[in-house]
Structure formats: structure tokens, C-alpha cells
Amino acid sequence: MKTLAFALLLGSVQAAPLPKLQLDLSQTTVSGLSSGGYMAAQFHLAHADWVKGAAIVAAGPVYCAQNNLLTALDHCIHKVDSAIPLDAINQQLNDWMTQGKLAGKTQLAQSRVWLLHGNKDQKIHPDVAAGLYQQYQQWLPAAQLSYVSDKPFAHHMPTLNAGSDCATSEAPYLGNCNYDAAAQALAFILPGFQAATAEAAGQVYPLAQHQIAGDAAATMAEQGYVYIPKACAEGEPCRLHISFHGCNQAAEAVQMAYVEQAGFNRHADSNKLVVLYPQARASKLMPLNPQGCWDWWGYTNADYATKQGPQIQAVVKLAQALKG
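Residues numbered from 1 in each chain as written. Predicted model: local features only at pLDDT ≥ 70, side-chain atom pairs only at ≥ 80, totals over all residues. Heavy atoms only, no water.

A. Structural view of the packing of helix H2 (residues 35-46) against helix H13 (residues 310-323). As a packed pair, H2 and H13 sit with axes 11 Å apart at the nearest point and diverge in direction by 75 degrees. Here H13 runs roughly perpendicular to H2, going by the angle between their axes. Here Met-39, Gln-42, Phe-43 and Ala-46 of H2 lie close against H13, whose contacting residues are Gln-311, Ile-312, Val-315 and Val-316. Taken together, the residues of the contact of H2 with H13 break down into six nonpolar, two polar and no charged. (Axes fitted to C-alpha atoms, helices over the stretch in contact; angles between N-to-C directions. Helix = DSSP H or I, 4+ residues; strand = E, 2+ residues; numbered from the N terminus. Parallel < 35°, antiparallel > 145°, perpendicular 65-115°, else oblique. Contact = heavy atoms within 4.5 Å. Nonpolar A, V, L, I, M, F, W, Y, C, P; charged D, E, K, R; others polar.)

B. Here's a closer look at the nonpolar core. One finds Phe-43, Trp-114, Tyr-136 and Val-274 to be the most contacted residues of the largest nonpolar core, which totals 112 residues. Residues contacting Trp-114, with those up to four places away along its chain left out, are Ala-54, Ala-55, Ile-56, Val-57, Ser-146, Val-148, Tyr-179, Ala-181, Gln-184, Ala-185, Phe-188 and Ile-189. (Core = buried A, V, L, I, M, F, W, Y, C linked by side-chain atoms within 4.5 Å. Buried < 20%, exposed > 50% of the residue type's maximum accessible area, 1.4 Å probe, protein only.)

C. Summary view of helix H7 (residues 181-189). Counting buried positions along H7 gives seven out of nine residues, so the element sits mostly inside the fold. Residues Ala-181, Ala-182, Ala-183, Ala-185, Leu-186, Phe-188 and Ile-189 constitute the buried set of H7.

D. Local environment of the sheet that holds strand E3 (residues 112-116). Read from one edge of the open sheet, eight strands run E4-E3-E2-E1-E10-E11-E9-E8, paired in mixed fashion. Every interior strand has two partners, whereas the edge strands, strand E4 (145-148) and strand E8 (203-208), have only one. Across this sheet, the average inter-strand angle for adjacent strands is 20 degrees, counted without regard to direction. Relative to E4, E3 runs parallel, the two sharing four bridges. Across the sheet, residue Leu-115 finds its bridge partner in E4, namely Tyr-147. Contacting strand E2 (51-57), E3 and E4, helix H6 (residues 126-139) crosses the sheet at an angle of about 170 degrees to E4. (Pairing = 2+ DSSP bridges.)

E. Representation of the state of the cysteines in the model. In total, this model carries four disulfides according to the counting rule given. Shown here is the disulfide that connects Cys-64 with Cys-76, its sulfur atoms set 2.1 Å apart. On the sign convention where negative means left-handed, the S-S torsion of about -95 degrees between Cys-64 and Cys-76 marks this disulfide as left-handed. With Cys-64 in the loop between E2 and helix H3 (69-75) and Cys-76 in the loop between H3 and helix H4 (86-99), this residue pair connects regions lying twelve residues apart in the sequence. In this structure Cys-64 comes out as buried when scored by relative accessible area, which is 1%. One disulfide bridge connects Cys-166 with Cys-177, the sulfur atoms lying 2.1 Å from each other. On the sign convention where negative means left-handed, the S-S torsion of about 100 degrees between Cys-166 and Cys-177 marks this disulfide as right-handed. Placement of the pair is Cys-166 in the loop between strand E6 (164-165) and strand E7 (174-176) and Cys-177 in the loop between E7 and H7, with a sequence separation of eleven residues. Here Cys-166 and Cys-177 have matching classes, each one buried. Each disulfide of the chain joins two cysteines, and with those cysteines numbered along the sequence the arrangement is 1-2, 3-4, 5-6, 7-8. (Disulfide = S-S within 2.5 Å.)

F. A look at the side chain of Gln-249. If you trace the backbone, Gln-249 turns up in the loop between strand E10 (237-244) and helix H10 (251-254). Given a relative accessible area of 2%, Gln-249 falls into the buried group. Here Pro-172 takes part through its backbone oxygen, which lies 2.9 Å from a polar atom of the side chain of Gln-249. Once you skip the residues sitting within four places of it in the chain, Gln-249 turns out to touch Leu-33, Pro-172, Tyr-173, Leu-174, Val-254 and Tyr-258. (Polar contact = N/O pair within 3.5 Å; in protein donor to acceptor, adjacent residues only side chain to side chain.)

This is the structure we're talking about:
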């Protein structure tokens, strides 16, 4: 019965084969909320040679957990029982850049990054969010970095009119805040941004994540999603935006709420932007990930935050498959 109900809720998903896209991956942008924010930043650092912008909501420093769940719980979420060792973390990231496991500093310095942390967020401590801002300050010119921290938002993706009360954090973790976070983010990170003039008119298509990405997608759901504007489906040149959901926010938990209501699709048509929504999955054993979070503490392997990270590799394969 649950499977039938879920299938009925996917009525807006187009089951037809993906249209052939003329997709320029060299100007890709990413976004994410919470664990998806951690993942978006990891993905950005790994592939800043072609990922040129990142919008991150309610997340902390890249590699904050240092491959340890207890460390993550100690100072990377809602409390900071011990100081975040940013110097040591940044040294590790710099070493990986030198080794080629992350993109180089010169490539990273060409990016634009937009960060948001609501001051009513009780899930991510302000010092944790500020740590990510401090990280990016060392890599980017001030004009290419924006940090919004003065809005009364709880722990969610703020939207114009979708989701729960702005002061609460509850499923589907979209906040009805009269604030278009997707538009604010894209306007900062996307060159030539054009605000939406109408509702989204494209189609959401399913993506066979396991079939496309193989073993790299073993900790991800079998199916992901992609929003394709009509112009892109008809073969016009388009860019790619990748948006990572948060914990307890994959389609298996909240159906299509994040995919359809986070706000990105509304602006995709006017910007000829294909929006990829990869999907993580919950698991109780091997690995322990009961909330369906993206890997930002090491449940896949020790390379989770680098180009060799399985989930990062899987999402790269999904992007390449869309390009064809």
C-alpha cells in the first residue's frame, strides 16, 4: 500500500525517455541543505574546475567530521563541545589539493559561493556555520562570497510559500518564509541570472542511479530525479545545477516535496538550467545511515570528501549521463 501511495504521488514525474540535451557542464553549480549542504561543498571543492558556484544552507566546514561520526556529533551539528580544528582540517584539504584529490586553489578561486544560516536554526550551531564561511574566506575574494546569517529561519530550505511555518523545522524541511532562497542563491552564483516570470513548465524525469553509476551509487537510492525545462528538452544549450536534499528529505521520506518545491525549478526555465536531484537512501546497517543523509562523516569510505568518494563519483556519472 505504501508503494502504491508513493507511486501516485509521483504523478508529475515524466516516465518517458530522457530528451537528448545540449548540456554545458563547464559552468555547473551546486546547492544543498544540511547534509546536502555538506555534500554540495564537498562536491564543489572536488570539482571546482567545472563546478563554478555553490549555494549552501545550514552546513558546516568541509571535512568537519574528519572521517569520524563521534567527531561530527561533537562539534559539527548543533553543539560545539570541543573547538573545530579548522587549521588542521584546512591543512588536510590543502594537502588533498596538492595531491589532486580536490581541485586546485586557482580553480577554486574562480568560484562564487552563497551561504545561508537562519538565526532560529537549532540543528546547526552558529559557530559551525561560521566555520564554513571562514573556510571559504581563505579561498575566495570577498566579492565572490556571500554569507546570510541575519534571517529568522529555522532548520529548513526557506521558500516563498511552500512548506511549514518558517519558525519550525519539520518534514518536509521546507520553510514558508516569504523568502525565495533558491532565487537569492542562483542570483549570486549563476552568471546572467534571470528571475522567473512564470511557474515551472518543464518536466521531472526519473534517473536510474544504480544503473548509471554502478557500485559508486550503492549507498544511494535506486532512483534520482532531474528537472528539464522545455527549451532544454528541445535541444537549446543549457547549464546544469545539482541540488542535494538534506537528511530525512529524500523522496523515500518526503515524496517529491524537495524536488518540486525547493524553488529551483521555478527559475530553471528562465535560465535554461537543468536541475539534477540525486537521492541518498536510509539504511540501518552497513552503513548506518537511518536518516538518509549524504555522506559527510565517512560512512562510505575514508575518501568520502574527495574525488574518490563513492557518492561524489556517482553524481559525476549522473551529470555525464545527462550530457550524453
